Amino acid sequence: MIYIAESGSTKCDAVFLENDGVEVARIRTIGFNPYFHSSEFIDTELKKVKEIAEYGAKVDHVYFFGAGCSSPSLNQKVAAGLTASFPNAKIEVDHDLMACAYATYTGEPAISCILGTGSNSVYFDGKSITKGISGLGYILGDEGSASYIGKKVLSAYLYKQLPQNMMCDFEETFKITPDEVRQRVYNMPHVNVFLGSFAPFAHKHINHEFFYKLVYEGFESFIKTQVMYFPEATQVPIHFVGSIAHHFEAVLKDVISNLKLKMGHVVRRPLDGLVQYYLGNIHSAKAPQQPKTLS
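Right, let's walk through the structure included here. (Residues numbered from 1 in each chain as written. Predicted model: local features only at pLDDT ≥ 70, side-chain atom pairs only at ≥ 80, totals over all residues. Heavy atoms only, no water.)

Observations concerning the overall build of the protein
Within the protein one finds 14 helices and 11 strands. What you see for the protein is a C-alpha radius of gyration of 19 Å, in line with the 19 Å of a compact globule of 295 residues. The principal-axis extents of the C-alpha atoms in the protein amount to approximately 55 × 45 × 35 Å. Classification of the 295 residues of the protein by burial places 52% in the buried group. Partitioning the contacts of the protein with sequence separation of at least 6, the portion at a separation of at least 24 is 69%. Put simply, the protein shows about 13,700 Å² of open surface, and 51% of that area lies on carbon and sulfur atoms. Positive and negative side-chain charges of the protein, numbering 27 and 30 respectively, have mean locations separated by a distance of 2 Å. (Helix = DSSP H or I, 4+ residues; strand = E, 2+ residues; numbered from the N terminus. Rg over C-alpha atoms; globule rule 2.2 N^0.38 Å. Buried < 20%, exposed > 50% of the residue type's maximum accessible area, 1.4 Å probe, protein only. Contact = heavy atoms within 4.5 Å. Areas by Shrake-Rupley, 256 points an atom, 1.4 Å probe, with all protein chains shown as cover. Lys, Arg positive; Asp, Glu negative; His and termini not counted. Charge placed at Lys NZ, Arg CZ, Asp CG, Glu CD.)

Dropping the structure here:
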């Protein structure tokens with residue numbers, strides 16, 4: 001049996017497959033990111049999932065694609081957390097950018113982007129994957145992501161820059177004080193997820209000029225910083241995966257159009273495309289090369 005998982009920092013979609021490709025079960029767990037989660041934490045959380053308890057020992061191969069899985073040491077941290085739940089499996093851990101590229105591949109070169117809790121981008125020509133300069137995280141980067149949009153919304157509230165009726169709605173929606181915000185941001189873990197929790201407020205009011213502009217500028221910054229870094233950006237389609245890309249697709253299309261780039265397709269959850277790519281390529285021993293970084 002095979003276990004394929006695609007994980008962001010917030011949630012993880014996964015599927016159990018028989019070796020012939022027949023789907024056994026599909027699950028969702030919390031997300032695991034080695035920058036924020038220990039091997040012990042991953043182990044503990046996976047043991048709570050009944051499907052993993054039922055099928056884990058039957059799995060002989062695990063493919064885990066996750067946010068933050070960007071180096072051998074970080075990948076090993078995740079693999080160690082998976083070992084107890086999949087005791088008989090060969091475990092392979094790789095970056096969620098790989099899953100993004102595979103899930104959006106349509107047979108032609110493209111730039112594939114993640115817009116979820118964080119943001120990232122990669123160029124995939126069908127054979128090799130080229131990483132760019134993204135992946136700086138929610139403090140230094142993550143332009144256009146949930147954590148980025150949420151941070152802008154939260155800052156606007158704290159600076160009293162929201163339209164007055166929006167100030168009232170924010171206070172009624174979140175019931176959080178400025179002191180509590182500072183405590184959560186500066187003294188608590190998983191700050192990226194906390195900041196991202198305010199992004200739905202922008203979606204709720206996206207028809208208001210203030211929030212449209214806020215999201216538009218975040219996407220524009222992402223495209224100019226992370227996507228247009230690739231020399232191929234003006235020649236190939238630009239695909240997106242993730243909940244933020246899905247919910248704010250109309251704004252994203254406006255940004256792409258105004259920058260005279262080619263809009264690709266938007267995939268909310270890349271697991272389906274990842275499974276199809278796996279069945280058509282990886283399982284038939286035609287896996288792509290390991291990623292390389294642009295010089």
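Still more to cover.
Things to note about the pattern of salt bridges
Counted according to the given criterion, the structure contains 10 salt bridges. A salt bridge links Glu23 to Arg26; the shortest N-O distance between them is 2.8 Å. Owing to a relative accessible area of 41%, Glu23 belongs among the partly exposed residues under this scheme. Given the relative accessible area of 38%, Arg26 is considered partly exposed. For the salt bridge of Lys204 with Asp169, the shortest nitrogen-to-oxygen distance reads 3.0 Å. (Salt bridge = Lys/Arg side-chain N within 4 Å of Asp/Glu carboxyl O.)

Some thoughts on the nonpolar core
A general feature of soluble globular proteins is that nonpolar side chains tend to end up buried together. Ile111, Ile149, Phe170, Val215, Phe219 and Phe240 are the most contacted members of the largest nonpolar core, which totals 45 residues. Among the elements that take part in this core, helix α11 (residues 209-227) stands out by supplying 8 residues, more than any other. If we skip the residues at most four places from it in the chain, Phe170 touches Val153, Leu154, Tyr157, Leu162, Lys175, Ile176, Phe198 and Phe201. (Core = buried A, V, L, I, M, F, W, Y, C linked by side-chain atoms within 4.5 Å.)

Notes on the side chain of Glu143
Looking at the element boundaries, Glu143 is found in the loop between α5 (137-140) and α6 (146-158). Side chain to side chain, Glu143 and Gln226 meet in a polar contact 2.8 Å long. Excluding anything up to four places from it in sequence, Glu143 contacts Leu115, Ser119, Tyr148, Gly218, Ser221, Phe222, Thr225 and Gln226. (Polar contact = N/O pair within 3.5 Å; in protein donor to acceptor, adjacent residues only side chain to side chain.)

Quick look at a nonpolar patch on the surface
Together, Leu136, Ile139 and Leu140 give the surface a local cluster of nonpolar side chains, amounting to about 360 Å² of exposed area. Locating Leu140 in the fold gives a position in helix α5. (Patch = residues over 30% accessible without salt bridge, like charges linked within 9 Å, V, L, I, M, F, W, Y side chains within 5 Å.)

Some thoughts on the sheet that holds strand β4 (residues 61-66)
The mixed open sheet is built from 5 strands, whose spatial order is β3-β2-β1-β4-β5. The strands lining the two open edges of the sheet, one partner per strand, are β3 (23-30) and β5 (90-95). The average undirected angle you get between the axes of adjacent strands in this sheet is 15°. Contacting β1 (2-7), β4 and β5, helix α4 (residues 96-104) crosses the sheet at an angle of about 85° to β5. (Pairing = 2+ DSSP bridges. Axes fitted to C-alpha atoms, helices over the stretch in contact; angles between N-to-C directions.)

These results come straight from atomic positions and should not be treated as a statement about function.
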